[in-house]
Amino acid sequence: MENELLQLTTIAIVLAPITAALVQGIKSATGLDAKKNTLVSLLIGIVLAGLWALTFGHVDQIGPYLMAGLLSGLSASGLYDLTKKEAK
């Protein structure tokens, strides 16, 4: 169990900057607003993780891989920035 958890955490860490780069490219090309930015980031993270699972033959573990993609999308979208309150 520990090995699988470490593997999925590693996948989420590897996919987060790739997801962020793709979202940044889409945002600059289309003028995506901040509300849709999070949704697009989540979708890209999930799709990338699903492709990772299919590419390396881990179809039987697709659920945990998609969860790793969800985590990568959340971290790429700046989830932690959304929780901060701005000082006025």
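Residues numbered from 1 in each chain as written. Predicted model: local features only at pLDDT ≥ 70, side-chain atom pairs only at ≥ 80, totals over all residues. Heavy atoms only, no water.

### So, the packing of helix H2 (residues 34–55) against helix H3 (residues 62–76)
Two elements in contact, H2 and H3, have axes whose closest approach is 7 Å; the angle formed by their N-to-C orientations is 145 degrees. By crossing handedness, the relation of H2 to H3 is classed as right-handed. Contacts from Ser41, Leu42, Gly45, Ile46, Ala49, Gly50, Trp52 and Ala53 in H2 reach Ile62, Tyr65, Leu66, Gly69, Leu70, Ser72, Gly73, Leu74 and Ala76 in H3. When its residues are assigned to classes, the contact of H2 with H3 shows eleven nonpolar, six polar and no charged. (Axes fitted to C-alpha atoms, helices over the stretch in contact; angles between N-to-C directions. Helix = DSSP H or I, 4+ residues; strand = E, 2+ residues; numbered from the N terminus. Left-handed = near helix turned anticlockwise from the far one by under 90°. Contact = heavy atoms within 4.5 Å. Nonpolar A, V, L, I, M, F, W, Y, C, P; charged D, E, K, R; others polar.)

### Things to note about the side chain of Ser72
In this fold, Ser72 is placed in helix H3. The residues contacting Ser72, other than those within four sequence positions of it, are Ala12, Leu15, Ala16, Thr19 and Gly45.

Read these as spatial facts, not as claims about activity.
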